[in-house]
Amino acid sequence: MRQFFLHLICLSLIYSICHILLEKNSCIQRVLKLAYGIAVAFAVLSPMMQVLPLSFSLSEIHEESGRIQAQAAEIRDAAISEGIIRQTRAYILDKAAGLGLAPEVTVCLSDDNPPVPESILLQGSASPGDQAALTQILSTALGIAKEKIHWTQSNPVSGTS
């Protein structure tokens, strides 16, 4: 802080000496006033420049903007995928409940943009006829090949007495 005031005092002394030595209302005196004003502005602003890091260049701002856009796209894609999985799972559970089934459902999506359901894993107890009926419904409604709809039987818990 001490140096800040020393710089301002020295600058003012130099300006005053030059102002006294020059003719009044001369062109050189006007230029001197302008130079003095600019120098004082820099002297006053220099401590703020050290406190506030203004080192961002346009390329850094552009890179940061690109990174933020990529993150936003990832978040958007994840939300879309999650929504598709949730809705597909709800649809499957609704159709299964209509047949008296309550399987665990896992939906796998394609890598397309936007993603679509690609395969389904159903886990639960169901007769072969119920499995075939639900597989047919899902294949027709969702456009998933029957070969991509997989069933696994859940193991019933056996109790010991």
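A quick note: this is a predicted structure, and the numbers were derived from the prediction, not measured.

Now, about a nonpolar patch on the surface: what can you tell me, with residues and values included?
On the surface, F5, I9 and L13 cluster together to form a nonpolar patch covering roughly 300 Å² of accessible area. Note on placement: F5 falls in helix α1 (residues 2-21).

I'd like a rundown of the pattern of salt bridges, residues and numbers included.
Side-chain pairs of opposite charge can arise whenever the charged atoms involved come near each other. A complete count under the given rule lists two salt bridges for this structure. With a shortest N-O distance of 2.3 Å, R67 and E64 are connected by a salt bridge. One end of the pair is R67 and the other is E64, both in helix α3 (residues 58-98) and three residues apart, which spans about a single turn. Classification of R67 by relative accessible area gives partly exposed; the value is 41%. Relative accessible area serves as the criterion here: at 35%, E64 is assigned to the partly exposed category.

Run through the confidence of the model for the protein, naming residues and quoting values.
This prediction gives the protein a mean pLDDT of 84; 88% of its residues lie at or above 70. Predicted confidence is poor over residues 157-161, with pLDDT under 50, and the contacts of this stretch with residues over four places away or in other chains come to zero contacts.

Lay out the nonpolar core with the relevant residues and their values.
In terms of nonpolar packing, the biggest core is built from 15 residues, with I92, I120, L122, L134 and L138 touching the most fellow members. Listed by contribution, the elements that provide at least two residues to this core are α3, β1 (104-109), β2 (117-123), α4 (128-142) and β3 (149-152). Filtering out sequence-adjacent residues up to four positions away, L134 remains in contact with K95, A96, L99, L101, L122 and W151.

Basis of the calculations
Residues numbered from 1 in each chain as written. Predicted model: local features only at pLDDT ≥ 70, side-chain atom pairs only at ≥ 80, totals over all residues. Heavy atoms only, no water. Patch = residues over 30% accessible without salt bridge, like charges linked within 9 Å, V, L, I, M, F, W, Y side chains within 5 Å. Areas by Shrake-Rupley, 256 points an atom, 1.4 Å probe, with all protein chains shown as cover. Salt bridge = Lys/Arg side-chain N within 4 Å of Asp/Glu carboxyl O. Helix = DSSP H or I, 4+ residues; strand = E, 2+ residues; numbered from the N terminus. Buried < 20%, exposed > 50% of the residue type's maximum accessible area, 1.4 Å probe, protein only. pLDDT = per-residue confidence, 0-100. Contact = heavy atoms within 4.5 Å. Core = buried A, V, L, I, M, F, W, Y, C linked by side-chain atoms within 4.5 Å.

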